[in-house]
Amino acid sequence: MTHPAYRTLRPVTPLASVLLADNPSPMTLEGTNTWVLRAPGVEGCVVVDPGDDEIGHLERVAAQGPVALVLLTHRHHDHAGGAARFAELTGAPVRALDPSLVLGSEALGVGEVVAAAGVELRVVATPGHTSDSVSFLLDGPGAAQAVLTGDTVLGRGTTVIDHPDGKLGPYLDSLRRLADLAPGTAVLPGHGPELPDAPAVAAAYLAHREQRLDQVRDALTTLGSGATARQVVELVYADVDESLWPAAEWSVQAQLAYLRG
């Protein structure tokens, strides 16, 4: 079974399977990846990012249980909007870095190792897309290391900096953190297909961001230092579908804030 596969649990690694939500859009790609984690032979599971408040998807995920724990990579509705209803369906606690998203437990701590369903997940701070974004480094028996990246790294294309909550400086630091992971660490993203090597992807993301920063610097030279984000988008992203320009404008706002100090 290959990506994309809707309404069906698709095994990806010995510890991780994915249920793809049927919510495709320019921002969510084919849809939101809800990850179901468990060691081989373990009945319970950990669910990462149950998705939006869409009862059909939530019930399909709940059917993979019993669910021992729900983890959220960040606050955006397409990842966390259904968490409260999912907790009602399953009785499982919900944990996130943002205390306002926590239900029946406590907020995650950076560097904490969460153990459940026979697997361990180390909480890695990866702010930038949003201020509360985290990734989860997944370890367990009989499997190579993998990292669940939420929207910090996608399976296809690049992510948006959700300015002003998201900021470029922290995002670049987050990419460097992922680039320092062991070679061959698989990427299990919040959207798009899985990828085989987190350090290679993070390095490519960093190169792309540096290229975009150079383009924005050149645009400011052409347009003037007081140019708006929209003016920069129209120049720098002229080759990008205009339906993506509003998202590009968020990222350019973050780039301008970064360059202007």
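Every chain is numbered on its own, with residues counted from 1 as its sequence reads. The predicted nature of this model means local features are confined to residues of pLDDT at least 70 and side-chain atom pairs, given and counted, to a pLDDT of 80 or more, with totals for whole chains, interfaces and linings taken over all residues. Hydrogens and water are ignored here; the side-chain numbers use all heavy atoms of the structure.

**Q** I would appreciate a short explanation of the layout of surface pockets in the present structure.
**A** To find leftover empty space, a probe the size of one water molecule is rolled over the atoms. In this structure, the largest pocket occupies an estimated 700 Å³ of space. Here a cavity denotes grid points, spaced 1 Å and computed from the protein atoms alone, that fit a 1.4 Å probe unable to get out, and a pocket denotes an open set having protein on both sides within 12 Å along at least 5 of 7 lines; residues with an atom within 4 Å of a point are the lining. Along its surface, the largest pocket is lined by 30 residues, and Pro26, Met27, Thr158, Val160 and Ala247 are the ones closest to its centre. Elements with a minimum of two residues in the lining of the largest pocket: α2 (77-80), α5 (198-223) and α7 (245-259). Here the lining of the largest pocket gets four residues from one element, more than from any other, and that element is α7. Among the residues forming the lining of the largest pocket, the class breakdown is 11 nonpolar, 12 polar and seven charged. Grid points are joined across faces, edges and corners, and a volume is the space filled by probe spheres set on the points. Working definition: helices are DSSP H or I runs of at least four residues, strands are E runs of at least two. Numbering for both runs from the N terminus. Three classes are used: nonpolar for Ala, Val, Leu, Ile, Met, Phe, Trp, Tyr, Cys and Pro, charged for Asp, Glu, Lys and Arg, and polar for all others, with Gly counted as polar.

**Q** For this particular structure, what's the right way to read the sheet that holds strand β5 (residues 67-71)?
**A** Working definition: the strands of a sheet are paired by backbone hydrogen bonds and lie parallel or antiparallel to each other. Spatially, β1-β2-β3-β4-β5-β6 is the arrangement adopted by the six strands of the open sheet, whose pairing is mixed. Of all the strands in the sheet, the pair left with one neighbour each is β1 (10-11) and β6 (94-95). Strands pair, by our definition, only if DSSP identifies at least two bridges between them. In this structure, strand β2 (residues 16-20) lies alongside strand β3 (residues 33-37), joined through five bridges in antiparallel fashion. Bridge pairing in β3 links leucine 20 to asparagine 33. Pairs of residues are marked as contacts when any of their non-hydrogen atoms sit within 4.5 Å. Angles shown run from 0 to 180 degrees and are taken between the N-to-C directions of axes, each axis being a line fitted to C-alpha atoms and, for helices, limited to the stretch in contact. The strands that helix α1 (residues 55-62) touches are β2, β3 and β4 (45-48); relative to β2, the one it contacts most, it runs at about 160°. Contacts from helix α3 (residues 83-90) reach β4, β5 and β6, with the element oriented near 170° to β5.

**Q** What is the right way to look at the packing of aromatic side chains in this model?
**A** Where two aromatic rings form a pair, the distance of their centres and the angle of their planes describe that pair. Planes of paired rings set the category: under 30 degrees apart is stacked, over 60 is edge-to-face and the rest tilted, where pairs are Phe, Tyr or Trp rings (Trp by its six-membered ring) whose centres lie within 6.5 Å. Under the criterion given, the structure shown has zero aromatic pairs. We call a charge positioned above a ring when the Lys NZ or Arg CZ atom is no farther than 6 Å from the ring centre and deviates by at most 35 degrees from the ring normal. The side chain of arginine 212 reaches across the aromatic face of tyrosine 237, ending 4.2 Å from its centre.

**Q** Would you mind showing me how to read α7 here?
**A** What sets the pattern is the α-helix's 3.6 residues per turn: residues three or four places apart point alike. Over its 15 residues, α7 runs 20 Å from end to end, which matches the ideal 21 Å to within 8%, given 1.5 Å per residue. Note on exposure labels: buried denotes an accessible area under 20% of the residue type's maximum, exposed denotes more than 50%, and partly exposed covers the range between, all computed with a 1.4 Å probe on protein chains only. Within α7, the full set of buried residues consists of Trp245, Ala247, Ala248, Ser251, Val252, Ala254, Gln255 and Leu256. Contacts from the buried residues of α7 go to α4 (168-179), α5 and α6 (229-236). The span you would expect from a helix comes to 1.5 Å times its residue count less one.

**Q** How should the environment of valine 187 be read in this particular structure?
**A** Inspection of the secondary structure puts valine 187 in strand β11 (residues 186-189). A sequence separation of 11 residues divides valine 187 from arginine 176, and the C-alpha atoms of the two residues are 15 Å apart. Setting aside anything within four residues of it in sequence, one finds valine 187 in contact with Val147, Thr149, Val153, Glu194, Leu195, Asp197 and Ala198.

**Q** What is the right way to read the sheet that holds strand β8 (residues 119-125) from this model?
**A** Spatial ordering of the open sheet is given by β7-β8-β9-β10-β11, a layout of five strands whose pairing is mixed. Of all the strands in the sheet, the pair left with one neighbour each is β7 (113-116) and β11. In this sheet, adjacent strand axes meet at a mean angle of 25° when their direction is disregarded. In the sheet, β7 pairs with β8 via four bridges, with the strands oriented antiparallel. Looking at the pairing, valine 113 lines up with arginine 122 of β8.

**Q** Any chance you could explain the environment of valine 119 here in plain terms?
**A** Among the secondary structure elements, valine 119 is positioned in strand β8. A sequence separation of 80 residues divides valine 119 from alanine 39, and the C-alpha atoms of the two residues are 5.9 Å apart. In this structure valine 119 touches Leu15, Leu37, Arg38, Ala39, Val46, Val114, Leu138 and Asp139, once residues within four positions along its chain are discounted.

**Q** What exactly am I supposed to notice about the nonpolar core here?
**A** One broad rule of soluble globular proteins: the nonpolar side chains tend to lie buried together. Take the buried residues of types Ala, Val, Leu, Ile, Met, Phe, Trp, Tyr and Cys, join any two whose side-chain atoms come within 4.5 Å, and each joined set is a nonpolar core. In terms of nonpolar packing, the biggest core is built from 24 residues, with Leu37, Val46, Leu121, Phe136, Leu138 and Leu148 touching the most fellow members. When residues no more than four places from it in sequence are discounted, the contact partners of valine 46 are Trp35, Val36, Leu37, Leu69, Leu71, Ala116, Ala117, Val119 and Leu121.

**Q** Honestly, the pairing of β7 in this entry has me stumped. Any pointers?
**A** In summary, the side chains of a regular strand alternate between the two faces of the sheet. Burial of the side chains of β7 is restricted to one face: Val114 and Ala116 are buried, whereas none of Val113 and Ala115 on the reverse face is. The loop that links β7 with its antiparallel partner β8 comprises two residues; one of these, alanine 117, has a positive phi angle of about 55°.

**Q** Please clarify how unusual backbone geometry should be interpreted in this entry.
**A** A negative phi angle is the norm for most residues apart from glycine, just as the trans form is the norm for most peptide bonds. Looking along the chain, the bond that leaves glycine 65 and enters proline 66 is cis, with omega of 15°. Its location among the elements puts proline 66 in the loop between α1 and β5. Note that the residue after histidine 163, namely proline 164, is joined by a cis bond; omega there is 10°. In this model, leucine 29 sits at a positive phi of 55°, which is unusual for a non-glycine residue. Locating leucine 29 in the fold gives a position in the loop between β2 and β3. Of note in this structure, aspartate 49 is not a glycine but carries a positive phi near 60°. Mapped onto the secondary structure, aspartate 49 falls in the loop between β4 and α1.

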